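Report on the structure
These are the residues of each chain, in order.
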Protein chains: 2
Amino acid sequence: MAILVQKFGGSSVADVDKLRHVARIAADTKESGKQVVVVVSAMGKTTDGLVAMASELCPNPQDKTTAREYDALLATGEQVTTALLALTLNAMGYPAIGLSGGQAGIITEALHNRARILEINTDAITNHLNNGNIVVVTGFQGCDANGNVTTLGRGGSDTSAVALANALNAERCDIYTDVDGVYSTDPRIVPHAVRLNKVAYIEMLELARVGAKVLHPRSVETARQADMPLTVRSTFTPEDPGTMITGIDALELDRSITGIACDKHQAQLAIEAVPDKPGVAATVFGTMATANISVDMIIQSMNRQVDNVATNDIAFTVSGNDVHAAKDTLSELCKAIDAQAVHADTDVAKVSIVGAGMIDRPGIAATMFEALADADINIKMIATSEIKISCLVPQTQADKAVQALHAAFFPEAELGSKMTSDNVLVNEKLGY
Amino acid sequence: MAILVQKFGGSSVADVDKLRHVARIAADTKESGKQVVVVVSAMGKTTDGLVAMASELCPNPQDKTTAREYDALLATGEQVTTALLALTLNAMGYPAIGLSGGQAGIITEALHNRARILEINTDAITNHLNNGNIVVVTGFQGCDANGNVTTLGRGGSDTSAVALANALNAERCDIYTDVDGVYSTDPRIVPHAVRLNKVAYIEMLELARVGAKVLHPRSVETARQADMPLTVRSTFTPEDPGTMITGIDALELDRSITGIACDKHQAQLAIEAVPDKPGVAATVFGTMATANISVDMIIQSMNRQVDNVATNDIAFTVSGNDVHAAKDTLSELCKAIDAQAVHADTDVAKVSIVGAGMIDRPGIAATMFEALADADINIKMIATSEIKISCLVPQTQADKAVQALHAAFFPEAELGSKMTSDNVLVNEKLGY
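Here the structure is a predicted model, which means the values were calculated and not measured. (Residues numbered from 1 in each chain as written. Chains lettered and ligands numbered in written order. Predicted model: local features only at pLDDT ≥ 70, side-chain atom pairs only at ≥ 80, totals over all residues.)

Description of the overall build of chain A
For chain A, the helix and strand inventory stands at 12 helices and 18 strands. Against the globule reference of 22 Å for 432 residues, chain A gives a C-alpha radius of gyration of 23 Å, in line with a compact fold. Along the first, second and third principal axes, the C-alpha atoms of chain A reach 80 × 55 × 35 Å. A total of 432 residues make up chain A; the buried ones form 51% of that total. Restricting to contacts in chain A with at least 6 residues of sequence separation, those with at least 24 account for 76%. (Helix = DSSP H or I, 4+ residues; strand = E, 2+ residues; numbered from the N terminus. Rg over C-alpha atoms; globule rule 2.2 N^0.38 Å. Buried ≥ 20, exposed ≤ 12 C-beta atoms within 10 Å, placed from the backbone. Contact = placed C-beta atoms within 7 Å.)

Points about the packing of helix α8 (residues 280–290) of chain A against helix α9 (residues 323–336) of chain A
Residue and element names in this part refer to chain A. The contact between α8 and α9 brings their axes to 10 Å, and the two run at 140°. Classified by the interaxial angle, the pair formed by α8 and α9 is oblique. In this structure, α8 crosses over α9, and the sense of that crossing is right-handed. Between α8 and α9, the contacting residues are V284, T287 and M288 on the first element and A326, T329 and L333 on the second. (Axes fitted to C-alpha atoms, helices over the stretch in contact; angles between N-to-C directions. Parallel < 35°, antiparallel > 145°, perpendicular 65-115°, else oblique. Left-handed = near helix turned anticlockwise from the far one by under 90°.)

Some points on unusual backbone geometry
Residues and elements named next belong to chain A. Even without being a glycine, N113 presents a positive backbone phi close to 75°. Structurally, the position occupied by N113 is in the loop between β4 (106–108) and β5 (117–120). Residue N113 is classed as buried on the basis of its C-beta count, with 21 C-beta atoms lying within 10 Å.

A few points about the environment of V214 of chain A
Residue and element names in this part refer to chain A. Structurally, the position occupied by V214 is in the loop between α6 (201–209) and α7 (217–226). Given 27 C-beta atoms within a 10 Å radius, V214 is considered buried. Residues V214 and Q141, spaced 73 residues apart in sequence, show a C-alpha to C-alpha distance of 19 Å.

Description of the nonpolar core
Counting 256 residues, the largest nonpolar core has V5, V37 and L164 of chain A together with V5, V37 and L164 of chain B as the members making the most contacts within it. Beyond its immediate sequence surroundings of up to four residues, V5 of chain B is in contact with V37, V39, A161, L164, A165, L168, A170 and C173 of chain B. (Core = buried A, V, L, I, M, F, W, Y, C linked by C-beta atoms within 7 Å.)

Remarks on the pairing of strand β14 (residues 243–246) of chain B
Successive side chains on a regular strand alternate, one facing one side of the sheet and the next facing the other. All names here are of chain B. Here three bridges tie strand β12 (residues 198–200) to β14, and the two strands are oriented parallel to one another. In the strand pairing of β14, K198 is matched with M244. Pairing geometry for strand β13 (residues 230–234) and β14, over three bridges, is antiparallel. Bridge pairing links L230 to I245 in β14. (Pairing = 2+ DSSP bridges.)

A look at the sheet that holds strand β1 (residues 3–8) of chain A
Residue and element names in this part refer to chain A. The eight strands lie next to each other as β3-β6-β2-β1-β9-β11-β12-β10, forming an open sheet whose pairing is mixed. Each edge of the sheet is formed by a strand with only one pairing partner; in this case those strands are β3 (96–99) and β10 (198–200). For this sheet, the mean inter-axis angle between neighbouring strands, taken without regard to orientation, is 20°. Along the sheet face, helix α1 (residues 16–31) touches β1, β2 (35–40) and β6 (134–138) and points at about 170° away from the line of β1.

Here's the deal with the sheet that holds strand β3 (residues 96–99) of chain B
Residue and element names in this part refer to chain B. Sheet architecture is open: eight strands sit in the order β3-β6-β2-β1-β9-β13-β14-β12, paired in mixed fashion. Looking at the sheet topology across the chains shown, the edges are occupied by β3 and β12. Strand-to-strand twist of the sheet, defined as the mean angle between neighbouring strand axes without regard to direction, takes the value 20°.

Focus on the interface of chain B and chain A
Between chain B and chain A, the contact holds 30 residues from the first and 30 residues from the second. Where the side of chain B that touches chain A is concerned, the elements lending two or more residues are α1 (16–31), α2 (46–57) and α3 (64–91) of chain B. In terms of residue count, α3 of chain B provides more of the side of chain B that touches chain A than any other element does, 16 residues in total. Across the side of chain B that touches chain A, the residue classes tally to 18 nonpolar, nine polar and three charged. (Nonpolar A, V, L, I, M, F, W, Y, C, P; charged D, E, K, R; others polar.)

So, in structure tokens, the structure goes:
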């Protein structure tokens, strides 16, 4: 029997009425002849309450010394939702079993706050499915080989769902959320943004990496690896098929770019006047890697003379979450590499255009830079990939930048045409 | 190094300030040169909130079909406290590790809501202690051999603590609570009740069985088996040694009775007109046992003729929690055993006098019945053991019964003398 994996986020399970609604969706899917695995997040504000208590008792609960305890704390949020949903399904007459990440066989690396899934032993889930149960699994968590509870970090519930779908060889993984799909850009910034029916994994991946929060990049990458069809759809209109994320082969690339994303939760770090010696960059980024901080855009400016020594300035961006850890790490490193100073700037945003269609189409970058220049927006850093161009801009100008780019690349939407193209890809609607 | 196990109940960990206070007690104990294992309950109202949501979503969450999910739900309460306390201790500079029941090696039978501990594998705890950690363990829970989360039922956190103390060969197990020890009876009913310094396990056991809720009988029995010294003491005056529960050898029995307990959470079930055939009682109580319902007082009245058949009436008491399940079970059984009807009466209370000193002292029962008769209290059932006499009375008359018995057996306290005897045992102060 075909297996469907359905994931419901925090706003979809925020109270008992919503839990009943989610149970109904899962039960209807079961009635339609599928085996159903439901992956749930913590209920709306539960996590906030836990985080608030932890922060009151411990200044930096995410620190290495306490990360294990913090994970164990946060993991209870999904455990509550899972147990309540399993109770609800049973009360409705649908046998259901709730499993924690560890019970579901989700083994992760022994790293807290942002562990990666190493393997999934699906025996328990398969047994329960074959006994006629709907299986409810906690998103966002697993356990390491020693049985310590780990969490997967932001977007972890989506990743749990997709990884389970892959491991179970499911027919599809449906990500139910409070938006009805993927849009050409954030409709809060551009009200006439377009809802898309199909998006390529690789495009979604780039969009997600640069701030389209409707799906976490890790979950998209996980789906891409197994070519697992993924939908983003609304919990509140479950009959709407939403946006399907698929392989690039299924798309016709009749459009140069497919989406515009904006990530305001970024920080720029700069190390001033590092003596120009071999190995300095390796030391800096090796240290960041050891501290488990992901680095994104990197610029090294060359050959400034300071006290008759040739020096470089090195600048890079990190997630806003990591800015304190990154600054502390760099400040310690400063003396070792003879750098003059470290600066952190959180007043930045990364605006990106994404599209598989830009491959072999010259001039896209020029159009982007022109559009930003015409809008009087200063570009602080630039980074490119095959299907993406990102510019770091002042945070206060981020919305203006997105609007200018949407006008440049989606002129027909600007004219008020109500497109619903099959072959265009896009971005977040409402952020979370 | 000697190990101390400290258990803190829900009111002791009700908010972040109280958690800090508890962390201080554990840290001071660690500073005094002990290895410390802390067992915690769920924070004050957490469990109530979980129970309320579960009840809204599922009419009888404790039922067999959903008991597994309900246990998983309730177990999160202690997991939250455990993680927060471990975070707090680390923030104070005391390395600490939080363990769930399963992580702590507490293996229980595969029964939900009221599982018994089968064994404790102390390897994980011992390793963490030997690495210099304070180990915080969730009370009230374990897991079965298949990794399903189980809860130990009422009083389970005390039992967890004592069982851990036994398994770790601890020096002592301290039960910190919101009262400062064990009293001669409930001070809310008898304001001049006496606080006791020492109580025998066997007396505490009988008192606990009949409603003295300061310690759950299972925890007392567990301590008795290993002769583990147990104290009941106040979280808010940790320097006060409280009441020590020890072996009977340590006591001098200069007093006929040592405590008066009252359990208002009882129900009486009666099966009317059961044909007088061999095996009927075995069928009735076998069925109750199969349904996992503990039966307490039992009366069988003989030889009433109904339609020319000799019949018996069988009456017994169960915990108030079990009255619905017991009545349903009996009603099903009614036809099979040709009984006429089943009645349930929850308007009852069990009032008991307890004391190792009543052994070989005749006339105690007569004094009890006289005191109740003088107070115009009707006795519905009587049950006795070597060191206990219990009477079932109307619930409305329960307090009056306790007062009458305290006056009869503790005349000197009635005269206002402020005894603090070493050799007297007692009862709950504030119920929970």
